[in-house]
Structures are given as C-alpha cells and as structure tokens.
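Next come the chains, spelled out residue by residue.
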Amino acid sequence: VPAAISLSLLLLFLSMPVFLVFGIGSSAVATLGLNLPWSTLIQVAFGAVTKHVLLAIPLFIFAGMVMLKSGVARRLVDLALSLVGHWPGGLGVAMVLTMGFFAAFCGSILAAITAVGSIMMPEMLRKGYPAPFTVTLAAAAGLLEALIPPSNAAIIYSALTGVPVSSTFAAGVLPGLVLLVILVLLVIWRCRRMETEPRAGAAVRIAAFRAAIPGLLTPVIILGGIYSGLLTPSETAAVASIWAILVGFLIHRELTLPALWDALRTTAITTAVNFSIIAMATFLSVVLTYTQAPQHLTATFVDFGVDAITFLLMVGLICLILGTFIERRVPFTINTD
C-alpha cells in the first residue's frame, strides 16, 4: 500500500493525466493491498458513469460549442461592450460579464474560454492590457462556469452524492454572482488609469440587444425547464442543444455542417476526459470505503478539537495546493494579428 501511494504521488508530480493517477494508484492499493478482484472495481466504475443525470454533461457541452460556432458568443460580447465598454477596464469587465452569462447555458470552462477568450483577449492585448493580467483574468472568469448553473461540476457532485441537481444548481448561484462582482470590481480598480472606450449610443445598444436575444433566451429555457419541474436536467440539456442548432441554422445562419461536426468532435473529447476521471475516481472511493479512511480522519479531527470553520479552511488550503498540480491543461493560443 505505501508503494502504491508513493506511485500515485510520483505520477502526480510528473504531471500525468489525473485519471491515470487515480486509476493506477487506487487500483494498485485495491488489488495488491486489499486483495479486491478487478471485477469489483469495474462494476463500481461502470455504475458511476452510467447514471442518468450525467447525460446532461455532454449535452450542455454540445450546446455551448454549437453556440460558439453559431456566433452567439460574439453577439453577447458586443452587447456587453455596448453596455460597459466605456467603464474603466471596460474590455475586461465585458469579458467577465460575457463569461458569466455564457456559464448560464454551457457549464464548460473550456467552451467559455474558447468562445469568449478568443474574442476578447486579442482585443485587450491590442488595447494595451498587460498580457499576464489578461490571461489570468480569463482563467479566473472561466471559473464562473463551475459555479453558475448549469455547471458540469454540480452535475458530477449530484451524481456522486445523490443530492438533487436543482439544489446544487441553486447553491452555486450566489457564490457565482459574488465571484463575478469581485472580478468586475478588481478589473475596474486595476484598470482605473487606462484609457476608456467611447460610450456606445442608444441605437448601438438596442441593435446589440436585438442581435443577442436568441442567446439571452437560452438560460431562460434551461433554468426555467429545471425549476418549473417540467424537465429533468438531462431533458433540459437536450432542449438547449436543439435550440442551439436552430439558432445556428435558422436564426443567425452561421452554423455549417462542418462546424456542427467539429462541435460534436470537441464534445466527445471533452466528455471522454470528464468521464475517465469519474470512472477512475471511483477506484479511490472503493479504497476509502474498504479502509474506512473517512471515519478515521473524522475521528482524528474530533480528537484534536477541530471545528467546522477550521476544517473548511484546511480543505481550502489542500485544494489550493493540489490545484497547482491537478489541473487539466487547455491548449489556447492568442492571435493578435
């Protein structure tokens, strides 16, 4: 068992894919240390990735990618720029607001950074925004996708814990809005001495709003279907995907068959990565269940008199450290030409 744990840590520091770290290390502990048969691990992993609620993940990712190919992201950016472009750091504020809204019908950090970042980051660099600040802001704003519903992280949490998806979605709204406001205030303060853009006229704002109406309706369809009780999260994601295709082909008329195929391919790749992590993480859950590690850990904290706030701070610190190593790389290039 110590050798298996050491192997997992070695793979982690070598920047191996997370699912391999979970799979190799946990399976070694389970088979060599606990003498569990492989069939047990396979059955648990299969059961974890075949839960009905997880069907919403690829559908939401697909809806976001189709919205990207349909020009919805660009129209949302134009609307945000017309409203806040004249503020201090207006381009940065517009990027944060657009990513926050894009989160309301996508749930994928990759799709948000690709859709909004590819439009805003080159423009920010051309306007003199520091490159480190621009890239960091895009990455931080991408975290809104993990909080504002529909969030893939919330769906995975619901699948693993049995908590209703509507409850996890509702729990992410307030933290997501708080993070959005903090990022906006940070951009305004950091960019207060930068030259501002001209204020957009009423005609420009109205035109931008009309062009963005199909995208603005998407969160209403998604969240309205879930919280009204008419649709399950998976059904809502399917409706959002169909709506995205209709917007692309019939309303904006920018979606093409090759673009649709590319959206399907990207969705398949992203889904495979996510589901691989879910499947291999169940290996670790099996090890924790058989070794009763959570119970022993809880008893240790109780013996030391650790209260709930201290425990949460410790968990946050651990996540901060692990986030340095356990983070999926997103290949992204900025074209400033």
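Before any of the text, the structure's been laid out above.
Residues numbered from 1 in each chain as written. Predicted model: local features only at pLDDT ≥ 70, side-chain atom pairs only at ≥ 80, totals over all residues. Heavy atoms only, no water.

Q: So what exactly am I meant to see when it comes to the packing of helix H5 (residues 72–84) against helix H6 (residues 90–102) here?
A: Helix-helix packing is characterised by the crossing angle of the two axes and by the distance between the axes. Axis separation between H5 and H6 bottoms out at 9 Å; the angle between their running directions is 135 degrees. Classified by the angle between their axes, H5 and H6 sit oblique to one another. Between H5 and H6 lies a crossing whose hand is right-handed. Between H5 and H6, the residues in contact are Ala 73, Leu 76, Val 77, Ala 80, Leu 81 and Val 84 and Gly 90, Leu 91, Val 93, Ala 94, Leu 97, Thr 98, Phe 101 and Phe 102, respectively. Residues belonging to the contact of H5 with H6 are distributed by class as follows: twelve nonpolar, two polar and no charged. (Axes fitted to C-alpha atoms, helices over the stretch in contact; angles between N-to-C directions. Helix = DSSP H or I, 4+ residues; strand = E, 2+ residues; numbered from the N terminus. Parallel < 35°, antiparallel > 145°, perpendicular 65-115°, else oblique. Left-handed = near helix turned anticlockwise from the far one by under 90°. Contact = heavy atoms within 4.5 Å. Nonpolar A, V, L, I, M, F, W, Y, C, P; charged D, E, K, R; others polar.)

Q: Where do I start with the packing of aromatic side chains in this structure?
A: In this description, an aromatic ring pair is defined by two values, namely the gap between the centres and the angle between the planes. Under the counting rule described, the total for this entry stands at two aromatic pairs. On the basis of an interplanar angle of 70 degrees and a centroid distance of 6.3 Å, the ring pair of Trp 38 and Phe 283 is categorised as edge-to-face. Placement of Trp 38 in helix H3 (residues 38–49) and of Phe 283 in helix H13 (residues 257–291) is noted, with a sequence separation of 245 residues between them. The class of Trp 38 is partly exposed, set by a relative accessible area of 47%. A ring pair is formed by Phe 301 and Phe 311, whose centres lie 5.2 Å apart and whose planes are at 80 degrees; its orientation type is edge-to-face. Taken together, the residues Phe 301 in helix H14 (residues 293–303) and Phe 311 in helix H15 (residues 308–323) connect sequence positions ten residues apart. We classify Phe 301 as buried; its relative accessible area is 18%. (Phe/Tyr/Trp six-rings, centres within 6.5 Å; stacked < 30°, edge-to-face > 60°. Buried < 20%, exposed > 50% of the residue type's maximum accessible area, 1.4 Å probe, protein only.)

Q: It is not clear to me how the packing of H6 against helix H10 (residues 165–190) should be interpreted in this structure. Could you clarify?
A: For the pair H6 and H10, interaxial distance at closest approach is 9 Å and the crossing angle is 170 degrees. In terms of orientation, H6 lies roughly antiparallel with respect to H10. When H6 is examined against H10, the residues Gly 92, Val 93, Val 96, Leu 97 and Gly 100 are found in contact with a partner set consisting of Leu 180, Leu 183, Val 184, Val 187 and Ile 188. A breakdown of the residues in the contact of H6 with H10 according to their chemical character gives eight nonpolar, two polar and no charged.

Q: Looking at this model, I keep getting lost on the pattern of salt bridges. Mind explaining?
A: Note that side chains of opposite charge can pair when their charged atoms are close. This structure, assessed with the given rule, holds six salt bridges. For Glu 254, the salt bridge is made with Arg 75, and the minimal N-O distance between the two is 2.9 Å. Here Arg 75 lies in helix H5 and Glu 254 lies in the loop between helix H12 (233–251) and H13, a separation of 179 residues in the sequence. Note on Glu 254: relative accessible area 29%, which makes it partly exposed. The shortest N-O distance in the salt bridge between Arg 265 and Asp 262 comes to 2.9 Å. With Arg 265 and Asp 262 both in helix H13, this residue pair falls three residues apart, about one helical turn. On the accessibility criterion, Asp 262 (21% relative accessible area) is partly exposed. (Salt bridge = Lys/Arg side-chain N within 4 Å of Asp/Glu carboxyl O.)

Q: So what exactly am I meant to see when it comes to empty space enclosed by the protein here?
A: A water-sized probe, rolled over the atoms, reveals where empty space remains. For the structure on display, the rule yields one cavity of 30 Å³ or more. Reported here for the largest cavity is a volume of approximately 30 Å³. Along its surface, the largest cavity is lined by Gly 85, Trp 87, Gly 89, Gly 90, Leu 91, Tyr 129, Met 194, Glu 195, Thr 196 and Glu 197. (1 Å grid on protein atoms, 1.4 Å probe; cavity = no way out; pocket = protein on both sides within 12 Å on 5 of 7 lines; lining within 4 Å. Points joined across faces, edges and corners; volume = space filled by probe spheres on them.)

Q: Hey, could you run me through helix H9 (residues 152–161) in this one?
A: For an α-helix, 3.6 residues make a turn, and residues three or four places apart therefore share a direction. Looking only at H9, the buried set comprises Asn 152, Ala 154, Ile 155, Ser 158 and Ala 159. End-on view of H9: buried residues confined to an arc of 160 degrees, all on one side of the axis. Between the side-chain oxygen at the start of H9 and the backbone nitrogen of Ala 153 there is a gap of 3.2 Å, and the oxygen is on Ser 151. Of the residues trailing H9, Gly 162 is marked for its positive phi of about 85 degrees. (Arc of directions from axis to C-beta. Polar contact = N/O pair within 3.5 Å; in protein donor to acceptor, adjacent residues only side chain to side chain.)

Q: Just to check I follow, could you spell out the nonpolar core for this structure?
A: Where a protein is soluble and globular, its nonpolar side chains tend to be buried together. By size, the foremost hydrophobic cluster in this structure holds 70 residues, and its most contacted members are Met 95, Phe 102 and Ile 155. At ten residues, helix H4 (residues 56–69) tops the list of elements feeding residues into this core. Ignoring any residue separated from it by four or fewer positions in sequence, one finds Met 95 in contact with Val 116, Met 120, Met 121, Met 124, Thr 134, Leu 137 and Ala 138. Residues Val 29, Ala 30, Val 286 and Val 287 belong to the second largest nonpolar core, which totals nine residues. (Core = buried A, V, L, I, M, F, W, Y, C linked by side-chain atoms within 4.5 Å.)

Q: Just to check I follow, could you spell out the environment of Met 65 for this structure?
A: Mapped onto the elements of the fold, Met 65 is located in helix H4. Considering only alpha carbons, one finds Met 65 and Phe 46, 19 residues apart in sequence, at a separation of 27 Å. Beyond its immediate stretch of four places on either side in the chain, Met 65 contacts Ala 111, Ala 263, Thr 266 and Thr 267.

Q: How do you make sense of the environment of Ser 82 when you look at a structure like this?
A: One can find Ser 82 in helix H5. We classify Ser 82 as buried; its relative accessible area is 4%. Taking C-alpha positions, Ser 82 is 8.0 Å from Gly 201, a pair spaced 119 residues apart along the chain. When near neighbours in sequence (up to four residues on either side) are disregarded, Ser 82 contacts Ala 200, Val 204, Arg 205 and Ala 208. A polar atom in the side chain of Ser 82 sits 2.6 Å from the backbone oxygen of Leu 79.

The quantities given are spatial measurements derived from coordinates; they are silent on function.
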